[in-house]
Every structure is written in structure tokens, then in C-alpha cells.
Amino acid sequence: MKLRLLFLLAMTSVIVSAQDFNSTLTEIREAEAKSALQRILHRSNLNTGNYDLKYHRLELNVDPGVAFISGTITSYFEAKSDLSTVTFDLASNMNVSQVTHQGMPLSFTHNTQDELIITLPATQAAGVLDSLSVSYSGNPESSGFGSFEQTTHNGDPVIWTLSEPYGAKAWWPCKQDLIDKIDSIDVFMTTPVFNPSNEAYVAVSNGVEQSQVINGSQKTTHFKHRFPIPAYLIAIAATNYSIYTHNVPNNGNPFDIVNYVYPESLTTAQNGTPVTVDIMNLFTNLFEEYPFASEKYGHAQFGWGGGMEHTTVSFMGSFNRNLIAHELAHQWFGNKITCGSWKDIWLNEGFATYLSGLVIEHLDGNTQFTTWKQQRNNNITSAPEGAVYLSDTDTLNVSRIFNGRLSYNKGAMVLHMLRKKIGDATFYQALQDYLNTAEHAFDYAKTNDFIGIVETTSGQDLTEFFNDWLFNEGYPSYTVIWNQPATDQVSLTINQTQSDPSVSFFESPVTLRIIGTLGEELDVTVDHITNGQNFIEAVNFVIQDVIFDPESDIISRNNTTLLSTDEFELSQELLLYPNPTEHVLTIKKPDRLTINEIKVYNVLGQLIDQMPWQSTINTESWSSGILFLQFETIDGVITKSVLKK
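Residues numbered from 1 in each chain as written. Predicted model: local features only at pLDDT ≥ 70, side-chain atom pairs only at ≥ 80, totals over all residues. Heavy atoms only, no water.

1. A word on the overall build of the chain
Part 1: From N to C terminus, the chain includes 12 helices and 37 strands.
Part 2: The buried share among the 645 residues of the chain stands at 56%.
Part 3: Restricting to contacts in the chain with at least 6 residues of sequence separation, those with at least 24 account for 69%.
Part 4: Here the chain displays about 24,300 Å² of accessible surface, and carbon together with sulfur accounts for 48% of that area.
Part 5: Within the chain, the 71 negative side-chain charges are centred at a point lying 3 Å from the centre of the 37 positive side-chain charges. (Helix = DSSP H or I, 4+ residues; strand = E, 2+ residues; numbered from the N terminus. Buried < 20%, exposed > 50% of the residue type's maximum accessible area, 1.4 Å probe, protein only. Contact = heavy atoms within 4.5 Å. Areas by Shrake-Rupley, 256 points an atom, 1.4 Å probe, with all protein chains shown as cover. Lys, Arg positive; Asp, Glu negative; His and termini not counted. Charge placed at Lys NZ, Arg CZ, Asp CG, Glu CD.)

Written as C-alpha cells, this is what we have:
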């Protein structure tokens, strides 16, 4: 007689198929982090906190063939308190030639702490708007590995900037403060008309191109951007770009996606970028209209792998769909609403990563989306510790701010778990409410702002959820013990252990897939809130297997299902006594049953002892409580329970 499996140890498997989305994420993270490498010790300057920026006019002179920039930045600002001096952030290696106020020169100092301190001609009263202009020049010191890059592509010169998080001051006098967005900007970018090969140079910046004016061998391109923007999202680039567009219908209010690509990459880009329209339509349907539809969206190719989500024009190292989705997602999450501090970076990166997963879900289907979640979870749980939310110390470390495992992947999966907890309709409504809250729209938000909005929309207290998954560390490992006490029932007992002591228990919905002997399937979702919690669910078939979290919706690892019953013939003939036991356990088996090995598990599914077959076992070293003995036979596995005193 073939022995039915009375105990089955089933480890959750990892399906590896299709594209490895982690490789693109690594490139994204590295690009977004590069400009910080030399400037991570910079903080929002306390000396710039006494005024609000209203407007910048950037008049810049660059030659893509030369690592150099010069120009004049005119800044309008409103005093928050009486001002006698104004401080801007500017790298100390840059040369300031003049500061003027209404055409008159002002005195200034430029110190080694990268502060440009300007003495005003008179005290500026609180609430008063005023302006000044700074003329400067220099070779930004991070050129070649930071926020200002001059290099070549296919032998042609190219120049570009990338300032996240602290690199803007390397190439222009600014205020690097996430919570003081500039209301609007004009960028006048003067370049040579042609490159050495007599090909036209094309300038790129934020917003809408207004004009090109040629003056001899020089061309000035004017861009206008009329939405609030932080300094790190202002960018310029110039080379012999080829330009083509896609049109987004946008429910009767069309706008263009403008693509600036290297000529040698034109065919590849033209094959890759059309999907941007599909992704734009998806995000519009899920969240809201593209925030900058009155201007443009675009891509500008640059020389690093990955990309950077400059407002209205993402700089792109390639044109694969995952990168396109990630950078476009930032236009809502990161650009319309910017994280209020680098401790809250997951509000930018976790969201953009999750939206790239939603593209897979909606364009490729659930199987590929499940693979994507498995890959996120495998990466997240590759180490036992780590919180999504950063500490003050963490913000001193660029690799921690832009940590792919935590800020990107775990942040994304926390969003997905929030979606499973509160339901799809409520989840998407909460994100729409977040994007449209007047206090945060086109401004900034911090983590507790987001949590408050989700709690209001859902009507739920989510303190425990966010404490466990966002502010504290680690992940759970689950053990599910099941049996079929009746033909129409399944009994499920669920336990978990935690990888890090900062969380005592991860409360979470848990989905189990019940598999029948004839291929039937039934998914049941239970709310797991305590260890040892038992659930009785209805079934209408004979169960063959139980699969934990079949669609990888939970951040977890090393999950086990223990399928157990004592209802069968050989199990009934296998006797354990005394039970309860205190010192020695005796085992009596039928002669026809061959047992090769005995394993002992506690109620958490943890292996605490194992041995070859023997008829007596010394139990003195076992902890008291219910234990499960797994008998591995030549025909299958039998499990018996015993109470250790």
C-alpha cells in the first residue's frame, strides 16, 4: 500500500524567469547616487532658512567640448525675517566675479564651507520681495564623477548635470533645501551653434522651449518652467542630439513627449520609447493626469547607466521599459511631491520602484508581476536587518540613502503590502488624495504626512503596520501546520519568527493556496495577528498540498508548510509513550514500517533535534510544550505530536 504523505515539509520556491529587473534598478540607484559622492556631508544650510525662493533666471554659457560653465543667476526671494545678508550654496572652487542689486554691486564673501554670503544694501523687512544677480564661472570640481559632466559619445562632445541630492551647488549658486521649492524658473542656455563636425548643438532643460536665438557662432536657447521645483531637479544638457516626439492624447488636452537622443542611438531609442505613452496612460488612469501636462515630458540621453528624473525631462542612460517607467513615475512621486528630507527618500524611490512594478502587472500580467515581487523579496531578505526609514546618521551615508534593498525594494513592497491590507480601491484613492492634498501638491511631504493621509482615507489605524514594516527592521518567516479534519474543512495553524528583534510580531494578511488531489485550487486569506493562531476554512475537495503566499505578497523568507494528520492506518499503529513525556520517549512501530530518520520540530516549525531510527529517545534536553516528531519512512512521512513536560 502506498503511504499517503502525512507530513510534508515544503519550502517556498523562487521562480526565476523573464527579465531580471534588479539589474536596471542597480543602474538607477547608482545614477541617482553619483552626484552625492563628494558632497554627502552637506546639509540644508541653516543660514539659507530665513528667506523663501520665488524665482530663478539662469543665464548659462557652456561649450559641450569644455568642462567649464559661466553665467549669471538672478534670484527673487522673500524675507521670512528681517535680512541684512543672504546666503546661497555654491562650491568654494567656483569664482564669483560680481553680485548686483538693481544694477549696483554688492559686497560678498565666499567661504570654504561652500557659502556665498551677500551683504544687502539695506535691511530687507520680513514679507518683502527682492532680487539680486550673481555672476560666476569655473570648472565644477566634481566634473568627471559628480553633478557636472563633460565627456564624449561616439567622439562627439556632450555636457550634462545631475545634482541629486547635494550636487546643485557644484555648478550654480542655489539654495539646496528640499522644503523651499523655487516657484518658477527660466533657463537661458548659450552654446556654440555647431560642434567640431559642423553638426548642430541642441540644448535641453526643464519646461518648454521658448526660443532659439543665434548670435554669430553662439546660440541661446530659452526654456520656461512654471511649476515649483527644488534645486536638485534643475538640469541642463547639450550635444548634437537628434529629436523626435510622441503625442499623448491626455483626454483631449494633448502634450508631447520630446526625446533628445544621440544620433548613433536613434534607432534603438525609437524602438524603445513609444511605450512611454502606454505607461503615461496607465499612471494617469491609476492616479491623475501627468502633473506637468501644460509643458512637456521628455527624455535626454546621457552617459551614465540608469537615469535621473529631472522635472519634465528625465536623463536616460538607456531606453528599456523598466527605466522609462521608474523615471516617469517620479514625475508624480518625487517631483510633484518631493520628499521633505532625505530620511524620507522612500517617498521618492520606493514609490517609483513600485510603479515600475505596476507597469509589469498591467502590461504583462500577474505571472510576471509575481516574479517581480519574488525578486524584490529575495533582495530585501538577503540580510536580516534594515529599516526603510532613515535615521539621522543614515543621511550621512550616500549608499544608505540610495540603498537599493531598503529605500527602493523594501519601500516598494511596503506599498504593495499596504495595498493588500487596505484593498485596491482604498489604496489608489489614498494615493490620489496624497497627490491632491493642497498642503503637499507641488510641494513636499514627509513620511508621517503620507501615513496620516492613508489613515484618513482608509479609516484605519495603521500605526502597527508602519512601525513594523517601515520604521523597524527585518522580516518574518512563517510556519503553517495544516490538516483536513473533515472532508469539507481545512485547519490551518500559523506561526512566525522574526529576523530582527526590533519587531516582536508582524501582523499581516496571509494568503494560502489550497491544492486538491485533482488539481483544484482555492485561495484563502486570513488575518494573522498572533502566533499559533488557528483558522478553519471550508473546502469541497480532498487536499493534496498547501502553498504559502503563492503570489509573493509578503516580505518574508524561509517559509514552511507542515501538512499533518493522524487519521491513517500506519500512523495509528505508530505509538509514542509515555505522552506526555518527561525523560524517555518510547516508540513502537509495526514491522512493515521502515523508518530511516526522526526529526523533532517545535510549534514554530523550527528543527530542534534529529537522529537515525531508534526505539527510545532521551527528551530531557527538549523544551517543554507541544512538539512534532517527523518520521521519514521509505514510503512517505508521518508526523506525531507529543507533549514534553
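2. Some thoughts on the nonpolar core
Part 1: By size, the foremost hydrophobic cluster in this structure holds 160 residues, and its most contacted members are Trp172, Phe283, Phe287 and Phe450.
Part 2: Residue contributions to this core peak at 9 residues, all from helix H5 (residues 346-364).
Part 3: Filtering out sequence-adjacent residues up to four positions away, Phe287 remains in contact with Phe333, Leu355, Leu358, Tyr428, Leu431, Gln432 and Leu435. (Core = buried A, V, L, I, M, F, W, Y, C linked by side-chain atoms within 4.5 Å.)

3. Notes on the pairing of strand E32 (residues 584-588)
Part 1: Judged by which residues are buried, E32 turns out to be one-sided: Leu585 and Ile587 face inward and are buried, whereas Val584, Thr586 and Lys588, on the alternate face, are not.
Part 2: A loop of 6 residues connects strand E31 (residues 575-577) with E32, the two strands running antiparallel in sequence.
Part 3: Relative to strand E35 (residues 616-618), E32 runs antiparallel, the two being bridged by 3 bridges. Looking across to E35, one finds that Thr586 is bridged to Thr616. (Pairing = 2+ DSSP bridges.)

4. A look at the sheet that holds E31
Two orientations exist for strands paired in a sheet by backbone hydrogen bonds: parallel and antiparallel.
Part 1: Ordered by their spatial adjacency, 3 strands build an open sheet running E31-E32-E35, and the pairing between neighbours is antiparallel. Each of the sheet's edge strands pairs with one partner strand only, and the pair in question is E31 and E35. The sheet shows a mean angle of 20° between the axes of neighbouring strands, direction not considered.
Part 2: Bridge analysis of E31 against E32 gives 3 bridges, and the strand direction is antiparallel. The residue of E32 that forms the bridge with Tyr577 is Thr586. (Axes fitted to C-alpha atoms, helices over the stretch in contact; angles between N-to-C directions.)

5. Things to note about the sheet that holds strand E3 (residues 69-79)
Part 1: If you trace the 8 strands from one edge of the open sheet to the other, you get E6-E5-E9-E3-E2-E12-E15-E14, paired in mixed fashion. The strands lining the two open edges of the sheet, one partner per strand, are strand E6 (104-105) and strand E14 (208-215).
Part 2: With 2 bridges connecting them, strand E5 (residues 95-101) and E6 associate as antiparallel partners. Residue Thr100 lies in a different strand from E6, and its bridge partner there is Pro105.

6. With respect to the environment of Ser211
Part 1: Along the chain, Ser211 turns up in strand E14.
Part 2: A residue is classified by how much of its surface remains accessible, and Ser211, at 28% relative accessible area, is partly exposed.
Part 3: Taking the C-alpha atoms as reference points, Ser211 and Asn559, separated by 348 residues in sequence, lie 61 Å from one another.
Part 4: Aside from chain neighbours lying at most four places away, what touches Ser211 is Thr220, Thr221 and His222.

7. Thoughts on the confidence of the model for the chain
Part 1: In the predicted model, the chain carries a mean pLDDT of 90, and 91% of its residues have values of at least 70.
Part 2: Ignoring residues within four places in sequence, the model shows residues 1-19, a span with pLDDT below 50, making 54 contacts including any to other chains. (pLDDT = per-residue confidence, 0-100.)

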